Amino acid sequence: MKIDGACHCGLIRIEGEADPEQVTICHCTDCQTGTGSAFRVSVPVAGAAFRMTGEPTAYLKTTADSGNPRIQAFCPRCGSPIYSTSPGQHPRPAYTVRVGILRQRDQLAPRRQIWCRSARPWVTEISAIEQSELATVPSLKAQA
Ligand SMILES: [Zn+2]
Ligand SMILES: [Zn+2]
């Protein structure tokens with residue numbers, strides 16, 4: 001399917017083709033640190049179909065959990081993660097694009113989870129955590 005999206009501030013825009021069957025949750029510690037969250041959701045986009053406007057900042061991680069050097073690209077202005085890829089010149093064979101920046105994210109539900117050995121122990125039971133439709137959680141309000 002066609003995908004397109006932008007970082008939070010709109011400086012970086014991307015488009016390409018992605019297979020919804022390839023959407024993956026990664027629980028590795030690099031993804032936890034790189035997102036500031038518990039896991040990352042990504043989908044591969046072939047380099048031949050990948051288009052981008054704006055120039056992301058690239059950080060070369062040489063000691064990734066996988067053992068392979070990886071380029072981490074993010075917006076230099078707002079910090080949104082955009083993709084990771086192998087070192088080299090554009091276009092690279094593939095870009096692992098961050099699903100959270102894509103307009104089609106509703107249709108890109110994860111199909112598999114990797115690096116589960118470093119998953120936060122609570123992620124599998126997230127539906128049991130107290131929920132709110134908006135920002136206020138009743139139990140936190142009661143403590144204030
Ligand atoms: Zn931005
Ligand atoms: Zn990861």
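Look above for the structure.
Just so it is clear, the model here is predicted, and its values are computed rather than measured.

J.: Would you mind going over the coordination of the zinc ion (ligand 1) in detail, with residue names and values included?
T.: Coordination of the zinc ion (ligand 1) by the protein is provided by C7 (SG), C9 (SG), C75 (SG) and C78 (SG), with metal-donor distances spanning 2.3 Å. Its 4 donor atoms give the zinc ion (ligand 1) angles of 107 to 114 degrees at the centre, a pattern that matches the tetrahedral case. Summarised as a motif, the one-chain spacing of the donors to the zinc ion (ligand 1) is C-x1-C-x65-C-x2-C. Note that C9 is positioned in the loop between β1 (2-6) and β2 (13-17) and C78 in the loop between β7 (70-74) and β8 (81-85), a separation of 69 residues in sequence. For C9, a relative accessible area of 30% puts it in the partly exposed group.

J.: Could you give an account of the nonpolar core, with specific residues and numbers?
T.: In terms of nonpolar packing, the biggest core is built from 19 residues, with I3, I14, F50, I82, Y83, V97 and L102 touching the most fellow members. Each residue touching L102, except ones within four places of it in the same chain, is listed here: I3, D4, G5, I14, V43, V97 and L108.

J.: Lay out the sheet that holds strand β5 (residues 51-53) with the relevant residues and their values.
T.: As summarised here, the arrangement of the 3 strands in space is β1-β2-β5, forming an open sheet in which the pairing is antiparallel. Edge positions in the open sheet fall to β1 and β5, since each of these has one partner strand only. Strand-to-strand twist in this sheet, taken as the mean axis angle between neighbours without regard to direction, amounts to 10 degrees.

J.: Account for unusual backbone geometry, with residues named and values stated.
T.: Phi is positive for W115, which is not a glycine, with a value near 55 degrees. As for its position among the elements, W115 is in the loop between β10 (112-114) and α2 (138-143).

J.: I'd like to hear about the pattern of salt bridges, residue by residue, with values.
T.: Proximity of charged atoms lets side chains of opposite charge pair with each other. By the definition in use, this model includes 4 salt bridges. With a closest N to O distance of 2.5 Å, E21 and R111 form a salt bridge. Here the residue E21 occupies a position in the loop between β2 and β3 (24-26), and R111 occupies one in the loop between β9 (94-98) and β10, the gap between them amounting to 90 residues. Owing to a relative accessible area of 40%, R111 belongs among the partly exposed residues under this scheme. With a closest N to O distance of 3.8 Å, K61 and D30 form a salt bridge. On the criterion of sequence distance, the pair formed by K61 in strand β6 (residues 57-61) and D30 in helix α1 (residues 29-35) is long-range, its members being 31 residues apart. Under the relative-accessibility criterion, D30 is labelled partly exposed at 21%.

J.: Any chance you could break down the packing of aromatic side chains for me, citing the residues and the numbers?
T.: Tallied over the entire structure, the rule returns 3 aromatic pairs. Measuring from centroid to centroid gives 4.1 Å for F50 and Y95, while their planes differ by 10 degrees, and the two rings are stacked. Placement of F50 in the loop between β4 (40-46) and β5 and of Y95 in strand β9 is noted, with a sequence separation of 45 residues between them. Ring centres of Y83 and Y95 lie 5.0 Å apart, and the angle between their planes is 90 degrees; this geometry places the pair in the edge-to-face category. Here Y83, found in strand β8, pairs with Y95, found in strand β9; they are 12 residues apart in sequence, far enough to count as distant. Considered together, Y83 and Y95 belong to a single accessibility category, that of buried residues.

Cut-offs used in this document
Residues numbered from 1 in each chain as written. Chains lettered and ligands numbered in written order. Predicted model: local features only at pLDDT ≥ 70, side-chain atom pairs only at ≥ 80, totals over all residues. Heavy atoms only, no water. Donors = N, O, S within 2.8 Å, 3.2 Å for Na, K, Ca; no water. Tetrahedral: all angles 85-135°; square planar, octahedral: opposite > 155°, others 65-115°. Helix = DSSP H or I, 4+ residues; strand = E, 2+ residues; numbered from the N terminus. Buried < 20%, exposed > 50% of the residue type's maximum accessible area, 1.4 Å probe, protein only. Core = buried A, V, L, I, M, F, W, Y, C linked by side-chain atoms within 4.5 Å. Contact = heavy atoms within 4.5 Å. Pairing = 2+ DSSP bridges. Axes fitted to C-alpha atoms, helices over the stretch in contact; angles between N-to-C directions. Salt bridge = Lys/Arg side-chain N within 4 Å of Asp/Glu carboxyl O. Phe/Tyr/Trp six-rings, centres within 6.5 Å; stacked < 30°, edge-to-face > 60°.

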